[in-house]
Amino acid sequence: MLATSCDKKDCPTIYKTDRGTLLVQGETPADHGLRIPAHETLVEIPLELIQKAIRDNLI
């Protein structure tokens, strides 16, 4: 785990994999109005989580 927005397991979180990629845990937005391919998805995380990860030199 790189960064999270709380101490619980059900909060937006950024994970680093051993493949050099990031996994993002967040809410699945329902009314986004975008056309996303069936094999892809969207998650929504707070901007503050990305800022924290950058500020803490995690990514």
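Above this note sits the structure.
Read on for a plain summary of the structure. (Residues numbered from 1 in each chain as written. Predicted model: local features only at pLDDT ≥ 70, side-chain atom pairs only at ≥ 80, totals over all residues. Heavy atoms only, no water.)

A short note on the overall build of the protein
Part 1: Along the protein, the regular secondary structure elements total 1 helix and 3 strands.
Part 2: When the helices and strands of the protein are listed from N to C terminus, the series reads β-β-β-α.
Part 3: Within the protein, the fraction of its 59 residues that count as buried is 17%.
Part 4: Carbon together with sulfur atoms contributes 52% to the accessible area of the protein, which is approximately 5,000 Å² in total.
Part 5: Put simply, the protein has 7 plus and 9 minus side-chain charges, and the middle of one group is 5 Å from the middle of the other. (Helix = DSSP H or I, 4+ residues; strand = E, 2+ residues; numbered from the N terminus. Buried < 20%, exposed > 50% of the residue type's maximum accessible area, 1.4 Å probe, protein only. Areas by Shrake-Rupley, 256 points an atom, 1.4 Å probe, with all protein chains shown as cover. Lys, Arg positive; Asp, Glu negative; His and termini not counted. Charge placed at Lys NZ, Arg CZ, Asp CG, Glu CD.)

Digging into the environment of I54
Part 1: With respect to the secondary-structure elements, I54 resides in helix α1 (residues 47-55).
Part 2: Measuring from C-alpha to C-alpha, the distance between I54 and V24 comes to 15 Å, with 30 residues separating the pair along the chain.

A closer look at the side chain of T13
Part 1: Secondary-structure assignment places T13 in strand β2 (residues 13-16).
Part 2: Taking the relative accessible area as the measure of exposure, T13 reaches 2% and is therefore buried.
Part 3: Engagement of the side chain of T13 in a polar contact is seen with the backbone oxygen of C11, the distance being 2.9 Å.
Part 4: Leave out the neighbours within four places in its chain, and T13 touches M1, A3, T4, L23, V24, Q25 and L49. (Polar contact = N/O pair within 3.5 Å; in protein donor to acceptor, adjacent residues only side chain to side chain. Contact = heavy atoms within 4.5 Å.)

Examining the pattern of salt bridges
Part 1: Evaluated as defined, the whole model comprises 1 salt bridge.
Part 2: R19 is paired through a salt bridge with D18; the nearest N and O atoms lie 3.9 Å apart. Across the pair, D18 and R19 agree in class, each one exposed. (Salt bridge = Lys/Arg side-chain N within 4 Å of Asp/Glu carboxyl O.)

Considerations on the sheet that holds strand β3 (residues 22-25)
Part 1: With antiparallel pairing, 3 strands are arranged side by side in an open sheet as β1-β2-β3. Sheet topology places β1 (3-4) and β3 at the edges, where each strand pairs with a single neighbour.
Part 2: Alignment of β2 against β3, held across 4 bridges, turns out to be antiparallel. Within the sheet, the bridge partner assigned to K16 lies in β3 and is L22. (Pairing = 2+ DSSP bridges.)

A few points about the nonpolar core
Part 1: Ranked by size, the top nonpolar core spans 5 residues in total: L2, A3, I14, L49 and A53.
Part 2: Dropping the residues within four chain positions of it, A53 is found in contact with A3, I14, L58 and I59. (Core = buried A, V, L, I, M, F, W, Y, C linked by side-chain atoms within 4.5 Å.)

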